Amino acid sequence: MSRNKKSSRWGEGLLPGLAVLMVLLGAGRAEAILTPNAQHDFSERIMDVASWAVDGFAPIEVQARRRTSVRMLAKRFGSPADEIRRLNGLGKGDEPERGTMLLLIPRRHPRHERHHVHLAHLGETFESVAWAYKVCVDDLVSWNWRVDARRLKVGTALRIHRERRRCDRRSGHLDYWTRLGSGPGYRVRTPSRAWGTKTLIHTLRRALVSTHQAYPDAPRLQVGDISHNHGGPIARHLSHRVGRDVDVGYYIKTPIGTDDHDITWRFQVATPETLEPEKTWHLISELLQSGKIKVILMDYELQGALYRYALSQGVSERRLRWIFQYPKGYGTGGMLQHYPGHADHFHVRVRCQPDEEDDCEEDSE
Ligand SMILES: [Zn+2]
């Protein structure tokens, strides 16, 4: 079928950019523009004039609305009025009837730059699309508020207003959120819940990798929830809303089910007897040395096991006092704080960083 051949040639050749566009010009007074690739039932006319493309502009069809006039179309699309009349069999002084499909060869697309449509492909996230178009993730989310940002599906059409200013740090978050992927020595349990601020992700990743380098044979550590992309409420947690919290498992002596394919892999309760203090201490001290940590929530008894190990390694008493509540007692000061429910994982929170002040908010544990 020659008709199909022609239409696919348009899609690939003349104006690839235009081919992905389904442009809707504003509301009310504007026309709906259908492009050759929009899987519309085009009339034979448009197929016939495929070869008429002018300066790389492919013909398009426009549906006339109530007040559409030839002059208006000529102005909007930069095509000569005579040409529009000739293509559509309109005599001098005739105006198109409402609802008729008009053929024209636009020399410009006045507004298509504003409403570009991007079709999501495999592996894309709001963040990566925003990055590609140099727009803010927040803006992208608001232009596409019907789309669930956490579950971007392949083929989802995302609207992108291309005339928007570039994203800056204060309004942006473009530099602010990132996702932790599984890496050497650790596994991320739920990738969709592994979004956090760059400060948290970088600090955590550095500490995990350093621990893996020191103990390459250690079983892979499990990293639990951080946040959804751009935060917000998250099931089973009071915090984890702002990308600055993460749950991490303990190194224990007899871990079970650390296989990647084991879906039952869960945090396992550690006791002072089963905890691997050496590896856990390495990880905790790497985190603390970053200077980015606000607090780490850890069971008091497990603090005791770590404390005894750190003491045996010659850590100064002053530093021990700064780090541990143990043996000062529950409720005392320390970077490690006892909190119920933290015997099978510890919870790390990073502080607000100076460059995040505007965005950074404290929420309660
Ligand atoms: Zn937590």
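The rules behind the values
- Residues numbered from 1 in each chain as written.
- Predicted model: local features only at pLDDT ≥ 70, side-chain atom pairs only at ≥ 80, totals over all residues.
- Heavy atoms only, no water.
- Helix = DSSP H or I, 4+ residues; strand = E, 2+ residues; numbered from the N terminus.
- Buried < 20%, exposed > 50% of the residue type's maximum accessible area, 1.4 Å probe, protein only.
- Contact = heavy atoms within 4.5 Å.
- Areas by Shrake-Rupley, 256 points an atom, 1.4 Å probe, with all protein chains shown as cover.
- 1 Å grid on protein atoms, 1.4 Å probe; cavity = no way out; pocket = protein on both sides within 12 Å on 5 of 7 lines; lining within 4 Å.
- Points joined across faces, edges and corners; volume = space filled by probe spheres on them.
- Nonpolar A, V, L, I, M, F, W, Y, C, P; charged D, E, K, R; others polar.
- Core = buried A, V, L, I, M, F, W, Y, C linked by side-chain atoms within 4.5 Å.
- Donors = N, O, S within 2.8 Å, 3.2 Å for Na, K, Ca; no water.
- Salt bridge = Lys/Arg side-chain N within 4 Å of Asp/Glu carboxyl O.

A. Inspection of the overall build of the chain at higher detail. The number of helices and strands found in the chain is twelve helices and 13 strands. Across the 365 residues in the chain, those meeting the buried criterion constitute 48%. Pairs at least 24 residues apart make up 70% of the contacts formed inside the chain by residues separated by at least 6 positions. Carbon and sulfur atoms make up 50% of the accessible area of the chain, which amounts to about 18,800 Å² in all.

B. Expanded view of the layout of surface pockets. What the largest pocket holds in volume is close to 280 Å³. In this structure, the largest pocket is lined by 14 residues; those nearest its centre are Arg236, His237, His240, Asp247 and His345. Its residues assigned to classes, the lining of the largest pocket shows three nonpolar, six polar and five charged.

C. Inspection of the nonpolar core at higher detail. Counting 44 residues, the largest nonpolar core has Leu180, Leu283, Leu287, Ile296, Phe324 and Phe346 as the members making the most contacts within it. Here the element with the most residues in this core is helix H11 (residues 300–312); it accounts for six residues. Phe126, Ala130, Val137 and Val147 belong to the second-largest nonpolar core, a separate cluster that totals twelve residues.

D. Broad picture of the coordination of the zinc ion. Summarising the metal site, the zinc ion is bound by the protein donors His240 (NE2), Asp247 (OD) and His347 (ND1), whose distances to it range over 2.1 to 2.4 Å. Spacing between the donor residues of the zinc ion along the chain follows H-x6-D-x99-H. Note that Asp247 is positioned in strand E10 (residues 245–249) and His347 in strand E13 (residues 345–350), a separation of 100 residues in sequence. Of the residues examined, Asp247 reaches a relative accessible area of 4% and is grouped as buried. Residue classification places His347 among the buried positions, given a relative accessible area of 2%.

E. A look at the pattern of salt bridges. Across all of its chains, the model carries three salt bridges by this definition. Arg193 is the salt-bridge partner of Asp225, the closest N and O atoms lying 2.5 Å from each other. Of this pair, Asp225 sits in the loop between strand E9 (221–223) and E10 while Arg193 sits in the loop between strand E7 (186–188) and strand E8 (195–197); the two residues are 32 residues apart in sequence, bridging distant segments of the chain. Classification of Asp225 as buried rests on a relative accessible area of 2%. Taking the relative accessible area as the measure of exposure, Arg193 reaches 10% and is therefore buried.

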